[in-house]
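Next come the chains, spelled out residue by residue.
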Amino acid sequence: MLDVFLDYFKKLAKSRLFPVTLIYLVLFGVIINRLFVLQIVEGPEITVASELKYAKQRDVKSTRGNIYDRNGVLLATNKLSYSVVMEGVSITSNKEYNAIIDRLVKLIESSGDTLDTEFYITINEKGEFEFTVKGKALTRFLENAYAYVLVDDELTEEQKNSTPQEVFDFLKHGTGNAVAPMFSISDDYSDEEALKIMSVRYALFINYPKYLQVTVASGVSDKTVAAIKENNSDLRGVDIQQQASRVYEDSLYFSHLLGYTGLISSDELEAKELAEKENKDEENTYNSTDMIGKSGLEQVYEQYLSGKKGTETVTVNSNGRVTEIEQTEDPIAGNDLYLTIDSILQKNVYLLLEKEITNILLSSIVPTMSYGSKGESASEITIPIYEVYNALINNNIIDVNEFDSADASTLEKSTKTKYETALRDIDRKYNDMLALDNITTNDKAGDMEDFLDYFYSVLVSNHILLKSSIPENDTTYQSYLGNNISLSAFLQSALANNWIDLSILGIGDEYYSAEELYQKLIDYTKGILKEDNKFQKMIYRNLIFSYKLSGNEICLLLFDQDVLEYNESEINNLRNGNISSYKFITDKIKDLKITPGMLALEPCSGSVVITDVKTGDVLAMVTYPSYDNNLFANKIDSNYYNQLLKDNSYPLLNRAISTRTAPGSTFKMITAVAALEEGVTTPSEKIVDLGQFTKINPAPKCHIYPGSHGAVDIVDALKVSCNYFFFEMGWRLSIDNNGKYDSNLGLTKLQEYATQFGLDETSGLELSELNPQISTQDAVRSSIGQGSNNYTPAQLSKYITTLANRGTCYNLTLLDKIEDKDGTVILDNSATVDHDLTDVRESTWDTVWDGMYAVTNVNGGSVYTDYSNFDVKIAGKTGTAQISKSHANNALFVSFAPYESPKISVTTVIPNGYTSHNAAALTKNIYSLYFKKADANTLLNGNTDGNSSGGALE
């Protein structure tokens, strides 16, 4: 027996856990020795009643600070809820330990609650194990999983390359090299049950210090609490605790700003421990059971919000039960954040933005198959109603997986039958089109063209076709790309040239003819397609556009899947043909029962940034569409998270800081300042718009070509957004001392002035932001915001704020102040001044302001018709950024008001918003709201009968 123990100890000594284990062995020896001494001294007086007790110290969590808007409106707070916690206890066998955890899991899940424990292996839809992390996180997981068998604290190559199945098996049963099975989970448990047991065991295993409690499930119901208490005697180490959970008010409007909290990951814990070691003034305050800010302002201001933990001493008996608690140090609550955001403004701007996008979308939907000018021009693209029907399936609003459920409706079952029929038809056509002797090129394949193209893309994305091995100038490859040979002919050539990875196909040493290899390739790829979600969506699209799945059926499926609330009258009207599916769907879009975000068509998104131009405070920063961060806080709702990841409107994206756009004509004020300050024009000089600017080749055109703006000065050029005038400015800025055109010289000057307006760096906001890109190509085109100019909406807002206050370039801020729980201000924040434009002449400011004033207030201005009767004088500039002839243009409008003495700036960006008039119309409504010229309900209900978020907020 001693030999076995010594052998075990030698192996353990090589493990990364040896130091910790050695400490526990020493402590265990001390306790045993103490017990032995007690028995000798006390003798027969020791009875069963004098059970072993020991004391230990543990943390008492502090309460996280609240977050408020600028007016003290609560945005983020905490609520007390029950959690199931567990700590490691001395249990005689793995079998008993696993049985306790299995029983615990079943009690939790039978009450409708879910586990919090994070484990990095899951079972996918195919029933296969897969990792849920990669990179450093996966390496750390493997190091923990193989902790007992690591040699010199390092993973072997074999361990690094372990499959999920191999790691699962090792943790379940161990291997011949293991000292002992890690968790020794019986095969009597299903894989799903074993994974859940494993997740709790793993959480307890990596938990450090070991006496800390692990949260197994948080926010549990009273039913779970009762069940745990009833079974308390059978659940050693398990307890119910009250814990504070994070709650976000009106989460839809603030989620991109606030972010969310969650359990600290091992990588985050290591990073914080490292930071604390480097900063010796700080204690090591974090452990593996802590909740921290994971994103947004919750993450940025973690050190202020988290507070300071207290401590308590607990007395524990031999069964692991706490028998006495003594508080030794009270926790200190976290500090409160006050933002610069006006919550009412933020909410209503979100609703106004959604309404405007809805109006744009509705104006583009037609009851035919016509795409308008798509492919020829971006200006008059239309959206066939069939694209709307398809979007409901493509963006998972109608869940095709539900068609297979046991309680599927008759319509859902018949729709699945149509799909299966179509799948067989596609498979038959694949057999024909991919036959060895087929010579039909993809572009001549009719309704199979897209399916053949996708077949090829699957070969590439799954690394079956080794694209990197194909010479770019290979004639066969180029012939396929040029639609001169069939996919069949190309794939046969690819096999002959060893461009196919045969190992993926399971080709061993056995001999196969070329024809047999080809068939294996086709069969293998078709097998992938049958499980491919995008391929399934392609078939449903084919059904819709071939009229085999009708718009009427799509509408009724919305009721079957509870997307729309059951309405017998509407259902009967659809079934009886009393209302067309086109009118039904467009009415639902009008009512925002179906939102642009749900459809993910173009447009489906937008952002607005509003600043106080005198302080650099951000009053509103809105992103549409959004998400509910309450379903991320404390623990992530995995179903909801996966739904968001698949959403083609990308609701997780903070568009104000994480998307960039060409500024289009909104950049022209920078060119105007550069031209005036560099002396290449004067406020009074007039230039004749010749339509085409032929001084460079190819010649760019003014946006009204073949029309002309005539002779315009710089104010008129801004008013009508004359491209030709600013082409000329870009040209003049590029003339060197020898009178020659040097584009790089012009770009350098434009960059200098763009930098003065803050466009060379991020906006200054406390959140992580994409870097800006000042154009480095073609000075003439760059002068109108083209070239490679690319900025976030927040960066454009910084530029317009600087323009509105005549030269103070602020680093924008979202934070007003931080207070402790006694109301003492511990950080009084204000936007820092990056720099001042002290050298710009007043006459230059006057001229540029006059041009922006003319855009909205002078007859002939770009959006004069929208603003002519508006009580507040606005200075603005339109911008239309072209993407391609197949996608609607991005719509931009930047502005400030009142013109006489600016208070706020508004920057509006609507991707694929068609025209800047749409962005300008939305901005006018925002000014109406801010300056109290109209109430929110009137503005929101002008063209629609409702909104998706419960109405206006005053």
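What counts and what doesn't
Residues numbered from 1 in each chain as written. Predicted model: local features only at pLDDT ≥ 70, side-chain atom pairs only at ≥ 80, totals over all residues. Heavy atoms only, no water. Helix = DSSP H or I, 4+ residues; strand = E, 2+ residues; numbered from the N terminus. Rg over C-alpha atoms; globule rule 2.2 N^0.38 Å. Buried < 20%, exposed > 50% of the residue type's maximum accessible area, 1.4 Å probe, protein only. Contact = heavy atoms within 4.5 Å. Lys, Arg positive; Asp, Glu negative; His and termini not counted. Charge placed at Lys NZ, Arg CZ, Asp CG, Glu CD. Phe/Tyr/Trp six-rings, centres within 6.5 Å; stacked < 30°, edge-to-face > 60°. Patch = residues over 30% accessible without salt bridge, like charges linked within 9 Å, V, L, I, M, F, W, Y side chains within 5 Å. Areas by Shrake-Rupley, 256 points an atom, 1.4 Å probe, with all protein chains shown as cover. Salt bridge = Lys/Arg side-chain N within 4 Å of Asp/Glu carboxyl O. Core = buried A, V, L, I, M, F, W, Y, C linked by side-chain atoms within 4.5 Å. Pairing = 2+ DSSP bridges. Axes fitted to C-alpha atoms, helices over the stretch in contact; angles between N-to-C directions. pLDDT = per-residue confidence, 0-100. Parallel < 35°, antiparallel > 145°, perpendicular 65-115°, else oblique. Nonpolar A, V, L, I, M, F, W, Y, C, P; charged D, E, K, R; others polar.

A. A look at the overall build of the chain. Helices and strands together make up the secondary structure of the chain, namely 36 helices and 25 strands. The C-alpha atoms of the chain give a radius of gyration of 33 Å, which matches the 30 Å a tight globule of 954 residues would have. C-alpha atoms of the chain, sized along the principal axes, occupy 115 × 80 × 70 Å. Among the 954 residues that make up the chain, the fraction classed as buried is 51%. Sequence separation of at least 24 residues holds for 70% of the intrachain contacts in the chain that already meet a minimum separation of 6. One finds the centroid of the 84 positive side-chain charges in the chain at a distance of 2 Å from the centroid of its 131 negative side-chain charges.

B. View of the packing of aromatic side chains. On inspection of all chains with the given rule, the structure shows 46 aromatic pairs. Considering the side-chain rings of Tyr120 and Phe141, the 5.4 Å spacing of their centres and the 80° angle between planes classify their relative orientation as edge-to-face. Residue Tyr120 is located in the loop between α3 (94-110) and β4 (121-123), and its partner Phe141 is located in helix α4 (residues 136-145); the two are separated by 21 residues in the primary sequence. The pair Tyr120 / Phe141 is uniform in exposure class, with both members buried. Taking 6.4 Å as the distance between ring centres and 75° as the angle between the ring planes, the aromatic pair formed by Phe131 and Phe141 counts as edge-to-face. With a gap of ten residues between them, Phe131 in strand β5 (residues 129-131) and Phe141 in helix α4 connect regions that are remote in the sequence. As far as burial versus exposure is concerned, Phe131 and Phe141 are alike and both buried. Aromatic rings pair up to connect Phe119, Tyr120, Phe131, Phe141 and Tyr202 into one cluster.

C. Focus on a negative patch on the surface. Taken together, the side chains of Glu158, Glu166, Asp169, Asp191 and Glu192 present a region of like negative charge at the surface. Among the elements of the structure, α6 (164-173) and α7 (191-206) are those that each provide at least two residues to the negative patch. Within the secondary structure, Glu158 is located in helix α5 (residues 157-160).

D. Examining the nonpolar core more closely. Counting residues in hydrophobic clusters, the biggest one holds 147 residues, and the most contacted among them are Tyr430, Phe490, Ile585, Ile610 and Met621. With sequence-adjacent residues up to four places away left out, Ile585 is seen in contact with Ile385, Val388, Tyr389, Leu392, Cys555, Leu558 and Ile594.

E. View of the environment of Leu940. Position of Leu940 relative to the elements: it lies in helix α36 (residues 936-940). Overall, Leu940 belongs to the buried group, its relative accessible area being 3%. C-alpha separation for the pair Leu940 and Gln57, spaced 883 residues apart in sequence, amounts to 57 Å.

F. Spatial organisation of the sheet that holds strand β23 (residues 875-881). Pairing is antiparallel across the open sheet formed by five strands, whose spatial order is β16-β15-β25-β24-β23. Strand pairing shows two members of the sheet lacking a second neighbour, β16 (618-624) and β23, which therefore form its edges. Going across the sheet, the axis of each strand differs from the next one's by a mean of 5°, ignoring polarity. As paired strands, strand β24 (residues 890-897) and strand β25 (residues 904-910) are joined by seven bridges and run antiparallel to one another. What sits directly across from Ala897, in β25, is Ile904. Seen against the sheet, helix α35 (residues 916-930) touches β15 (606-612), β16, β23, β24 and β25 and runs at an angle of roughly 145° to β25.

G. Broad picture of the confidence of the model for the chain. On average, the chain scores 90 in pLDDT, and the residues at 70 or more come to 91%. Segment residues 22-50 is flagged for pLDDT under 50; beyond a separation of four residues in sequence, or across chains, it makes eight contacts in the model. For the stretch residues 943-954, pLDDT sits under 50, and the model shows 41 contacts to residues farther than four places along the chain or on other chains.

H. Spatial organisation of the packing of helix α16 (residues 449-461) against helix α20 (residues 533-545). For the pair α16 and α20, interaxial distance at closest approach is 11 Å and the crossing angle is 175°. In terms of orientation, α16 lies roughly antiparallel with respect to α20. Mapping the contact onto sequence places Asp450, Phe451 and Tyr454 in α16 and Lys534, Phe535, Met538, Ile539 and Asn542 in α20. Within the contact of α16 with α20, the residues separate by chemical class into five nonpolar, one polar and two charged.

I. Expanded view of a nonpolar patch on the surface. On the surface, a cluster of nonpolar side chains totalling about 320 Å² of accessible area is made up of Ile636, Tyr641, Leu645 and Leu652. On the secondary structure map, Leu645 appears in helix α25 (residues 638-646).

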